[in-house]
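# Residue-level structure breakdown
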Amino acid sequence: MSSAGLERPQLVAHVQQALNYTLFDCKWVPRSARLLCLGSAARGTGILQLYELQGGRLALLREIEKAKPIKCGTFGATSLQQRYLATGDFGGNLNIWNLEAPEIPVYSVKGHKEIINSIDGVGGLGIGEGAPEIVTGSRDGTVKVWDPRQKDTPVANMEPVQGESKRDCWTVAFGNAYNQEERVVCAGYDNGDIKLFDLKTMSLRWETNIKNGVCSVEFDRKDVNMNKLVATSLEGKFHVFDMRTQHPTKGFASVSEKAQKSTIWQVRHLPQNRDVFMTSGGAGSLHLWKYEYPAQRSKKDSEGAEMGVAGSVSLLQNVTLSTQPISSLDWSPDKKGLCVCGAFDQTVRVLIVTKLNKV
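Residues numbered from 1 in each chain as written. Predicted model: local features only at pLDDT ≥ 70, side-chain atom pairs only at ≥ 80, totals over all residues. Heavy atoms only, no water.

Going by what an unreviewed UniProt entry lists, the protein chain is known as Dynein axonemal assembly factor 10 and is assigned to Grus americana. In its Subcellular location (unreviewed entry) section, UniProt records this for the protein chain: "Dynein axonemal particle". According to the UniProt record, the Function (unreviewed entry) comment for the protein chain is "Key assembly factor specifically required for the stability of axonemal dynein heavy chains in cytoplasm." (UniProt positions renumbered as here; feature names shortened; annotations may be inferred.)

### A closer look at the pattern of salt bridges
Across all of its chains, the model carries 19 salt bridges by this definition. As a salt-bridge pair, Lys166 and Glu114 come within 3.3 Å of each other at their nearest N and O atoms. Here Lys166 is found in the loop between strand S13 (156-158) and strand S14 (169-175), whereas its partner Glu114 is found in the loop between strand S9 (107-110) and strand S10 (116-122), with 52 residues between them in sequence. Relative accessible area serves as the criterion here: at 26%, Glu114 is assigned to the partly exposed category. (Salt bridge = Lys/Arg side-chain N within 4 Å of Asp/Glu carboxyl O. Helix = DSSP H or I, 4+ residues; strand = E, 2+ residues; numbered from the N terminus. Buried < 20%, exposed > 50% of the residue type's maximum accessible area, 1.4 Å probe, protein only.)

### Describing the UniProt feature "repeat: WD" (unreviewed entry) in the protein chain
Per the UniProt record, "repeat: WD" (unreviewed entry) is annotated on residues 134-147. Helix makes up 0% of residues 134-147 and strand 64%. Its end C-alpha atoms lie 6 Å apart.

### Considerations on the side chain of Glu133
Considering the arrangement of structural elements, one finds Glu133 in strand S11 (residues 133-138). A distance of 2.9 Å separates the side chain of Glu133 from the side chain of Arg183, its partner in a polar contact. Non-local contacts of Glu133, meaning those with residues more than four positions away in its chain, are made with Ala77, Asp120, Gly121, Val122, Val145, Trp146, Val155, Phe174, Arg183 and Leu199. (Polar contact = N/O pair within 3.5 Å; in protein donor to acceptor, adjacent residues only side chain to side chain. Contact = heavy atoms within 4.5 Å.)

### Remarks on the packing of aromatic side chains
In the structure shown here, the tally under the stated rule is 7 aromatic pairs. Plain terms: the ring middles of Trp206 and Phe252 are 4.9 Å apart, the flat faces sit at 85° to each other, and that makes the pair edge-to-face. Separated by 46 residues along the polypeptide, Trp206 in strand S17 (residues 203-209) and Phe252 in strand S21 (residues 251-258) bring together distant segments of the chain. For Phe252, a relative accessible area of 6% puts it in the buried group. Between the aromatic rings of Phe238 and Trp289, the centroid separation amounts to 4.9 Å while the plane-to-plane angle is 65°, which identifies the pairing as edge-to-face. Note that Phe238 is positioned in strand S20 (residues 237-247) and Trp289 in strand S24 (residues 285-292), a separation of 51 residues in sequence. Since its relative accessible area comes to 0%, Phe238 is described here as buried. Taking the ring centre of Tyr107 as reference, the NZ or CZ of Lys151 above it sits at 4.8 Å. Across from the ring centre of Phe174, 5.8 Å away, lies the NZ or CZ of Arg183, which sits over that ring. (Phe/Tyr/Trp six-rings, centres within 6.5 Å; stacked < 30°, edge-to-face > 60°. Lys NZ or Arg CZ within 6 Å of the ring centre and 35° of its normal.)

### Side note on the environment of Glu218
Assignment of secondary structure puts Glu218 in strand S18 (residues 214-219). Taking the relative accessible area as the measure of exposure, Glu218 reaches 18% and is therefore buried. Taking the C-alpha atoms as reference points, Glu218 and Val230, separated by 12 residues in sequence, lie 5.5 Å from one another. Contacts of Glu218, omitting those with residues within four sequence positions, involve Ala173, Lys228, Leu229, Val230, Val267, Arg268 and His269.

### Remarks on the sheet that holds S17
Read from one edge to the other, the open sheet built from 4 strands follows the order S14-S15-S16-S17, with strand pairing classed as antiparallel. If you trace the sheet from one side to the other, it starts and ends with S14 and S17, each paired once. Across the sheet, the mean angle from the axis of one strand to that of its neighbour is 20°, orientation sign disregarded. Bridging between strand S16 (residues 193-198) and S17 involves 6 bridges; their strand directions are antiparallel. Residue pairing across strands places Asp193 opposite Asn209, the latter belonging to S17. (Pairing = 2+ DSSP bridges. Axes fitted to C-alpha atoms, helices over the stretch in contact; angles between N-to-C directions.)

### Brief notes about the sheet that holds S11
Here 4 strands make up an open sheet; going across it, the order is S10-S11-S12-S13 and the pairing antiparallel. Where the open sheet ends on each side, the last strands, each with one partner, are S10 and S13. Adjacent strand axes in the sheet meet at a mean angle of 15° when their direction is disregarded. Where strand S12 (residues 143-146) meets S13, 3 bridges bridge the pair, whose relative direction is antiparallel. Its bridge partner being in S13, Val143 is matched across the sheet by Met158.

Shown next as structure tokens:
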């Protein structure tokens, strides 16, 4: 099958830009050739830079400095017309910015007592039914859901129950937003806990533990009936859960893969093909994966209860770009195969992934 090797996707470094600050997150601006870099300046302030991809280079359009380092951002709860950016910072603040007039946030709330590690949005950009909502996960142990149309108070607050020790929440993601009523939030914690909160019933729907700190969780799509969830860990392993069938006691079927020896910082599914996803690693590498479904996705156990059947994962391609961890990753929602990643070597890189229509 040597001919198949020629059809494998290639990860081509298209352009890279050195930065003079610590980069925590990078995001494509929807429906544009622009991208954002969010981070922390040496003097402890926050930096937000807007770049435009112009041929083979990145042109800096705007740089804004803020009081606190900016850890994470999302466009997920905004309309395509507005394209407002929601950010979480080191002070626990959730801010929403109009990038055309970014001096003062259009919405601001002191959401958490400590740093906001992770943020996600749904109900905007035409993705997901229902209200525009933002979820934030913090070192203070809480996960909160916000509706920007409501001032100051979260619409949901998931916190440790009385007597339970608070765990650092590292990652949050929306899913199951396929109609007006349904919506879930998945959260991953520093002790390996993964919790699935059902926002319709305001209850904990499922939990498991993957033995190592959970760095990143993402559903393959936010706006479909829950299908798959990938969770990455501190120890170089990731887990793919089949979320279609929940067994009463065993929960969801999963397959795990040891990608590398170091931390897997991020997972991002290809917007145009939900069975292809990329992971970014502590050794400065990117791995492109494909999930293969089993012949049958569910079977009956001895009691007659439905249980899921996990598929398998194959490596399509990998590349090492940096000696430092690649901590952030974002696919362009508009141009298939266009991807941006940020690493701790203070460099932002734009990649083109080829032959994705062949996988």
